[in-house]
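Residue-level listing of the chains:
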Amino acid sequence: FAAVFSSSVIKLLFNVANAENCDVYALLVSPACDLAYYVTLGVFTAFTVTTSLLDVVEQKWLQVTMTVYRFFAFAVMFITICVALYHGHDPFEDQHHHRHRSPLHLGHHVAYSALATWTGFSLLFTSAAVSTNFHYNVPDIARPMRNKKPLRGTLWASMVTALVVYVVLGVSCAAF
């Protein structure tokens, strides 16, 4: 998670702030890009280690904030994919290049290949498995609860919500 977080953050920061591509996985990486990667990696690691030492009850507001952020991030991803599918191209590309295209034009991003390909399955499966893997936190979450009867329904609802979000996002991205 630390590597994915750090590489994603610096890629966004460099694209927005410097209008420069910063890909830490490239063969040639600029010193500024490399330094930014290690700084964000260190900050993420320090934050993660610090919060992992706290009990789940002590992280209540952080967990609520991160849950709201996750839903916001999924909404942004889903809307971006819908806009890209509608326009038939990457919405962040230069729009002058695509000005003669009509709406619903199926551009070069829409897959014309087989119904399903398994090339990204390992990445998807790993992400989905980790996102629904919270069983080790259930005792800490359940301990302060007086009435534990609704806990089973809440856990099932959270699992179904996570899986539905991943399936909807995965199917929309598969068409792109």
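Heads up: the structure comes first, above all this text.
Attention in this report is confined to the structure presented alongside it. (Residues numbered from 1 in each chain as written. Predicted model: local features only at pLDDT ≥ 70, side-chain atom pairs only at ≥ 80, totals over all residues. Heavy atoms only, no water.)

Quick notes on the overall build of the protein
Heads up, the rule is: By definition, any uninterrupted DSSP run of H or I lasting at least four residues is a helix, any uninterrupted run of E lasting at least two residues is a strand, and each is numbered from the N terminus. Remark: exposure states derive from per-residue accessible area (1.4 Å probe, protein chains only) relative to the maximum for the residue type, with buried under 20%, exposed over 50%, and partly exposed in between. Whether two residues are in contact is decided by their heavy atoms, any of which lying within 4.5 Å being enough. Using a 1.4 Å probe, the Shrake-Rupley method yields the accessible areas, and only the shown protein chains count as cover for residues.
Each helix and strand counted, the protein has six helices and zero strands in total. Within the protein, the proportion of its 176 residues that are buried is 18%. Sequence-distant contacts, at least 24 apart, represent 51% of the contacts inside the protein between residues at least 6 apart. Put simply, the protein shows about 13,300 Å² of open surface, and 71% of that area lies on carbon and sulfur atoms.

Points about the state of the cysteines
Spelled out, the test is: The disulfide criterion is simple: two cysteine sulfur atoms within 2.5 Å.
All told, the structure shown has one disulfide when counted by the stated rule. One disulfide bridge connects cysteine 22 with cysteine 33, the sulfur atoms lying 1.8 Å from each other. For the disulfide bridge between cysteine 22 and cysteine 33, the dihedral angle about the S-S bond is near 90°, and by the sign convention the bridge is right-handed. Linking cysteine 22 in the loop between α1 (2-18) and α2 (31-52) with cysteine 33 in helix α2, this pair joins segments that are eleven residues apart in sequence. Taken individually, cysteine 22 and cysteine 33 each receive the classification buried, so the pair is uniform in this respect.

Observations concerning the packing of α1 against α2
The criterion, for reference: Working convention: axes come from line fits to C-alpha atoms, limited for helices to the stretch in contact. Angles between N-to-C directions cover 0 to 180 degrees. By definition in this entry, angles of less than 35 degrees are roughly parallel, angles greater than 145 are roughly antiparallel, angles of 65 to 115 are roughly perpendicular, and the rest are oblique. By convention the crossing between two helices is left-handed if the near helix lies anticlockwise of the far one by an angle smaller than a right angle, and right-handed if it lies clockwise. Residues were grouped as follows: Ala, Val, Leu, Ile, Met, Phe, Trp, Tyr, Cys and Pro as nonpolar; Asp, Glu, Lys and Arg as charged; and all remaining residues, including Gly, as polar.
One can describe the packing of α1 onto α2 by two numbers: an axis separation of 9 Å at closest approach and a directional angle of 130°. The orientation of α1 with respect to α2, classified from their angle, is oblique. Note that α1 runs across α2; the crossing there is right-handed. For the pair α1 and α2, contact is made by Ala2, Ala3, Phe5, Ser6, Ser7, Val9, Ile10 and Phe14 and by Ala32, Cys33, Ala36, Tyr37, Thr40, Leu41, Phe44 and Thr45, respectively. When its residues are assigned to classes, the contact of α1 with α2 shows twelve nonpolar, four polar and no charged.

Quick look at a nonpolar patch on the surface
What counts here: Residues qualify for a patch when their relative accessible area is over 30% and they have no salt bridge, like charges being joined within 9 Å and the nonpolar side chains of Val, Leu, Ile, Met, Phe, Trp and Tyr within 5 Å. A carboxyl oxygen of Asp or Glu within 4 Å of a side-chain nitrogen of Lys or Arg is what we treat as a salt bridge.
Together, Phe78, Trp156, Val160, Val164 and Val168 make up a nonpolar patch on the protein surface, roughly 470 Å² of accessible area in all. At four residues, helix α6 (residues 151-174) tops the list of elements feeding residues into the nonpolar patch. Checked against the element boundaries, valine 160 lands in helix α6. Taking relative accessible area as the criterion, valine 160 reaches 45% and is therefore assigned partly exposed.

Shape is all these values report; function is a separate question.
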